[in-house]
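Geometric and topological summary
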Amino acid sequence: MHVSGTDPDCVFCKIVAGDIPAEIVSETERTVAFRDLNGQAPTHVLVVPRLHAADIASLAVAAPDVAAALLVETRRIAVGDGHEAYRLVFNTGADAGQSVFHVHGHVLAGRDLTWPPG
Ligand code: AMP
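Here we summarise the structure given alongside this text. (Residues numbered from 1 in each chain as written. Predicted model: local features only at pLDDT ≥ 70, side-chain atom pairs only at ≥ 80, totals over all residues. Heavy atoms only, no water.)

Our focus in this paragraph is the overall build of the protein chain. Check the secondary structure of the protein chain and you find three helices and seven strands. When the helices and strands of the protein chain are read in sequence order from the N terminus, they spell out β-α-β-β-β-β-α-α-β-β. Summarising its shape, the C-alpha atoms of the protein chain cover approximately 35 × 30 × 25 Å along the three principal directions. Buried positions account for 39% of the 118 residues belonging to the protein chain. Contacts in the protein chain between residues far apart in sequence, at least 24 positions, make up 53% of those at least 6 positions apart. With the model as given, the accessible surface of the protein chain reaches about 6,600 Å², and the carbon-plus-sulfur share is 54%. One finds the centroid of the 8 positive side-chain charges in the protein chain at a distance of 5 Å from the centroid of its 14 negative side-chain charges. (Helix = DSSP H or I, 4+ residues; strand = E, 2+ residues; numbered from the N terminus. Buried < 20%, exposed > 50% of the residue type's maximum accessible area, 1.4 Å probe, protein only. Contact = heavy atoms within 4.5 Å. Areas by Shrake-Rupley, 256 points an atom, 1.4 Å probe, with all protein chains shown as cover. Lys, Arg positive; Asp, Glu negative; His and termini not counted. Charge placed at Lys NZ, Arg CZ, Asp CG, Glu CD.)

Rendered as C-alpha cells:
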C-alpha cells in the first residue's frame, strides 16, 4: 500500500509542507488545493491529501475518511470559482497519464468539456 505520512522526494508533499510555492486555493485539516501550473481550463485546481498516497484507490483503502474529505472539497472549489458543473479527474497509473504519484483530483471547469476525454 503506497500510503505514508510524507515522502521527502514528492513535489506535492513539498507543496503541502510549504517548502515550494503554489497558488493555494483552499486548505482543510486533511487536504490542500492549489492551481495547476499548466492549467487546461479557466478553473484547473489540484486537490491533494496532506498524507502521501500514490493514488485514489490506495487512499480510499488506507484512509477512507481522507478520501471522502477530498471528494467533498472538490465541489467547494468549483463553486468557489463560480461553477456548479465541473469535471473531476484522477489519472491513475502512468499509462493513464499520471505523472505525479501523490494522489490528486483535477477539478476542471469554466469551459465546454467534451466527452470522451483525450
Ligand atoms: P497528472 O499528470 O494527472 O499526474 O497531473 C499532474 C499535474 O500536476 C499536471 O497537470 C501538472 O501540470 C501539475 N503540476 C506538476 N507540478 C506542479 C506544481 N509544482 N504546481 C502545480 N501543479 C503542478
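Let us now look at the nonpolar core. By size, the foremost hydrophobic cluster in this structure holds 13 residues, and its most contacted members are A33, V45, V47, L59, I77 and V107. When residues in this core are grouped by element, the largest group, five residues, is from helix α3 (residues 64-80). In this structure A33 touches E23, I24, V25, S26, V45, L46, V47 and I77, once residues within four positions along its chain are discounted. Among the nonpolar cores identified, the runner-up in size contains ten residues, and C10, I15, V16 and V100 belong to it. (Core = buried A, V, L, I, M, F, W, Y, C linked by side-chain atoms within 4.5 Å.)

In total, this model carries five salt bridges according to the counting rule given. Note that R35 and D81 form a salt bridge whose closest N and O atoms lie 3.0 Å from each other. On the criterion of sequence distance, the pair formed by R35 in strand β3 (residues 31-35) and D81 in the loop between α3 and β6 (87-89) is long-range, its members being 46 residues apart. Judged by relative accessible area, R35 falls into the partly exposed class, the value being 26%. (Salt bridge = Lys/Arg side-chain N within 4 Å of Asp/Glu carboxyl O.)

In this sheet, β3 lies alongside strand β2 (residues 24-27) in antiparallel orientation, the contact comprising three bridges. Note on β3: the bridge partner recorded for S26 is A33. Between the antiparallel neighbours β2 and β3 lie three residues. (Pairing = 2+ DSSP bridges.)

This paragraph deals with the site of the ligand. Near the ligand lie 15 residues; those nearest to it are D36, N91, G97, S99 and H106. A distance of 2.8 Å separates an oxygen atom of the ligand from a polar side-chain atom of N91. Note that an oxygen atom of the ligand is positioned 2.7 Å from one of the backbone N or O atoms of S99. When the ligand sits alone it has 500 Å² of accessible area, and the protein chains cover 82% of it. The residue inventory of the shell around the ligand, partitioned by class, reads six nonpolar, seven polar and two charged. (Near = heavy atom within 4 Å. Polar contact = N/O pair within 3.5 Å; in protein donor to acceptor, adjacent residues only side chain to side chain. Nonpolar A, V, L, I, M, F, W, Y, C, P; charged D, E, K, R; others polar.)

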